[in-house]
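An overview of the molecular structure
Spelled out, the chains give:
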Amino acid sequence: MIIRSLHRLGVKTLFSLSGNQIMPLYDACLDAGIRIIHVRHEAAAVFMADAWAQITGELGVAMLTAAPGITNGLAPLYSASQAESPVLLISGDSPVAEDGSGAFQELDQVSITRPLTKLSLRPLSVAELYPALDSAVAEALAPRRGPVHLALPFDLLTAETGLAELPAATANRAASSLDTDCLETLATLLDSAEQPLVLAGPAGARPHLRSARTALEETLGLRIIPMESPRGLKDPSVGALAELIPHADLIVLAGKCLDFTLGFGGTGALGRDARVAVIDPDPGMLERARRLLGERLVLAIQGEPFAALSAMRAAAPRAGRDAWRARVDEALRNRAGKGPSVPAGGALNPRALCETVQAFLACAPDPVLICDGGEFGQWAQAFCQAPVRIINGMSGAIGAGICYAIAAKIARPDATVVVLMGDGTAGFHLMELDTAVRENAAVIAVIGNDLRWNAEHLIQVRTYGPQRLIGCELSPTARYHDVASALGGAGFAAQDAESLGTALRQAACSGRPSCINVSMAGEAAPVFSASTQSATGH
């Protein structure tokens, strides 16, 4: 019933690592025709489900076994939550009949996952199974989207339902009605604003919303800027936007949570004079805005942001706003670095590395870009772009890049999927190249190898001095590209832009999962804004 219900919902692919308690689900997938992508670590399955949701806009499904299986998937569950990805995490569980008796791998799973999900449930009877699944899927896809967890006791999975057919599918939830007076007020605010900015949350960056975002930008005559990085206004992807924020006379937070990435709404980050309007499906976020913004909050609307902006009465874009929009576009394109750059000492610098990759992406069919890592991840976000992109996101976690890339390639088999990551980042899930080989997912992994955990190196130098470095060095003898070759993929080493360009072309022609190990100078992440007011922990 569980697997056939998922199939009816359109699930054709899920990500998993096998284990005792989920074997009944595996067996059911054979009859339903659901493809299981079998990974090498439980965390990888959840990361892949997250990427699937981001790439396709559909429900991503991960299936893990009990206790150590589900707990291995907790970190990526947090990442999916921060990325606002609709992920259904199904876990096997010990039998209900053995509750409290010391069953094998007995664990109160939902108490652990509840803070990381929109909904966590453990059905206690066969009759509760379908309603629990139905509720979980609906909650995952409801605004604000996010992960849910369903713990399924083994004795329920092996029981008979007594049903000849699946329960009737629940009709899609009706969208919450929007307050028409609030929409009129929002229209008036936007009509009267001379220099407005609309900041969207991570969901606004997703491919399935691109056309809606573009249409709204043209209708309203302004830019809608998605924010999905923990570096906030210091995210290299948004250039020098931080320097323009104080000049805005209206800031609309369209699903963008007011948090540390916006300086908690302080005047240093958002300016002293701008009026702020907030559109958010979560009443808790509206209350936070009221508390942090005080009188600067001029409007709070509960609802899905893109639906609210689309439903609003739209007047013709205000005359004279073209100059402001041009300034915003110029700021977003700005890649003029602020502050000193560390000399490369003859090694390939990260900007040159990224520009070489970008030249390859610009000529590649259907390019998909994955950016992962600390300092090097920021270089990738600054100087590489593609119509479809996944970054390591608001959680600040690193290490998921290869997992994201594999899921992206499976979702879009004809795409050219390139993941850029640092050598520290590569260590988390490099063995998933084996998964890529088994699943014929010909991703191209580019490792910027500066022989250290560079973010921590820079923090220690800055805070404690160069004589107090500890735990930052990585081995100069590590040959990451040989790992790819040993697992059945293709491996290449590169020392300069020319050899990197050659390796990229060879990797693409190989038709195999590939890893390019690039010797690179370690440099601090680029900063394009002189503003220091949008401070975060990064």
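Just so it is clear, the structure is predicted and the values come from calculations on it, not from any experiment. (Residues numbered from 1 in each chain as written. Predicted model: local features only at pLDDT ≥ 70, side-chain atom pairs only at ≥ 80, totals over all residues. Heavy atoms only, no water.)

**Concerning the packing of helix α16 (residues 350-363) against helix α23 (residues 497-510)**
At a minimum axis distance of 10 Å, the contact between α16 and α23 shows a crossing angle of 35 degrees. Between α16 and α23 lies a crossing of right-handed hand. Here Leu353, Thr356, Val357 and Phe360 of α16 come into contact with α23, specifically with Ala497, Leu500, Gly501, Leu504, Arg505 and Ala508. Here the residues of the contact of α16 with α23 sort into seven nonpolar, two polar and one charged. (Axes fitted to C-alpha atoms, helices over the stretch in contact; angles between N-to-C directions. Helix = DSSP H or I, 4+ residues; strand = E, 2+ residues; numbered from the N terminus. Left-handed = near helix turned anticlockwise from the far one by under 90°. Contact = heavy atoms within 4.5 Å. Nonpolar A, V, L, I, M, F, W, Y, C, P; charged D, E, K, R; others polar.)

**What about the packing of aromatic side chains?**
Counted under the stated rule, the structure contains five aromatic pairs. Here the aromatic rings of Phe47 and Tyr404 are separated by 5.8 Å at their centres, their planes lie at 90 degrees, and the arrangement is edge-to-face. In this pair, Phe47 is assigned in helix α3 (residues 42-56) and Tyr404 in helix α18 (residues 401-411), connecting sequence segments 357 residues apart. Both residues of the pair, Phe47 and Tyr404, belong to the buried class. Residues Phe383 and Phe528 carry aromatic rings whose centres are separated by 6.0 Å and whose planes lie at 90 degrees to one another, so their mutual orientation is edge-to-face. Of the two residues, Phe383 is situated in helix α17 (residues 375-383) and Phe528 in the segment after β17 (514-519); the sequence distance between them amounts to 145 residues. An identical accessibility class is assigned to Phe383 and Phe528; each is buried. (Phe/Tyr/Trp six-rings, centres within 6.5 Å; stacked < 30°, edge-to-face > 60°. Buried < 20%, exposed > 50% of the residue type's maximum accessible area, 1.4 Å probe, protein only.)

**Describing the confidence of the model for the protein**
On average, residues of the protein carry a pLDDT of 94, and 96% of them reach 70 or more. A low-confidence stretch, residues 533-538 stays under pLDDT 50, and its non-local contacts, those more than four residues away or across chains, total 15 contacts. (pLDDT = per-residue confidence, 0-100.)

**Describing the environment of Glu42**
With respect to the helices and strands, the residue Glu42 is situated in helix α3. Distance from Glu42 to Ala382, taken between C-alpha atoms, is 31 Å for residues 340 residues apart in sequence. Among all residues touching Glu42, those that are not within four sequence positions of it are Leu17, Leu64, Thr65, Gly69 and Asn72.

**Quick word on helix α10 (residues 210-220)**
When we look at burial in α10, the residues that qualify are Arg213, Leu216, Glu217 and Leu220. One face of α10 carries all of its buried residues, which in axial projection span an arc of 105 degrees. For α10, the exposed residues set more than 90 degrees away from the buried face come down to Ser211 and Glu218. Residues of α10 that are buried make contact with β8 (224-226), α14 (305-311) and α15 (321-333). (Arc of directions from axis to C-beta.)

**Topic: unusual backbone geometry**
Across residues other than glycine, the phi torsion is negative in most instances, and most of the peptide bonds are trans. Between Pro143 and the following residue, Arg144, the backbone shows a cis peptide bond with an omega angle of -25 degrees. Residue position: Arg144 is located in the loop between α7 (126-141) and β6 (148-153). The residue Gln105 is not glycine, and still its phi comes out positive at about 55 degrees. For Gln105, the location among the structural elements is in the loop between β4 (87-93) and α6 (109-113). With relative accessibility at 23%, the residue Gln105 sits in the partly exposed group. Residue Asn440 is not a glycine yet carries a positive backbone phi of 55 degrees. Relative to the helices and strands, Asn440 is located in the loop between α20 (432-438) and β15 (444-449).

**Some words on the sheet that holds β15**
Pairing within the open sheet is parallel, and its six strands lie in the order β13-β12-β14-β15-β17-β16. In this open sheet, the two edge strands, each paired with only one partner strand, are β13 (388-391) and β16 (490-494). If you compare each strand with its neighbour and ignore which way they point, the axes differ by 15 degrees on average. Judged from the four bridges that link them, strand β12 (residues 367-371) and β13 form a sheet pairing that is parallel. Bridging across to β13, Val368 finds its partner in Val388. (Pairing = 2+ DSSP bridges.)

**Things to note about the pattern of salt bridges**
By the definition in use, this model includes 19 salt bridges. In this structure, the salt-bridge partner of Arg35 is Glu439, at a minimum N-O distance of 2.8 Å. In this pair, Arg35 is assigned in strand β2 (residues 35-38) and Glu439 in the loop between α20 and β15, connecting sequence segments 404 residues apart. For Glu439, a relative accessible area of 15% corresponds to the buried category. The shortest N-O distance in the salt bridge between Arg223 and Asp329 comes to 2.7 Å. Taken as a pair, Arg223 in the loop between α10 and β8 and Asp329 in helix α15 lie far apart in primary sequence, 106 residues in all. Look at Arg223 and you get partly exposed, because its relative accessible area is 23%. The exposure class of Asp329 is buried, given its relative accessible area of 16%. (Salt bridge = Lys/Arg side-chain N within 4 Å of Asp/Glu carboxyl O.)

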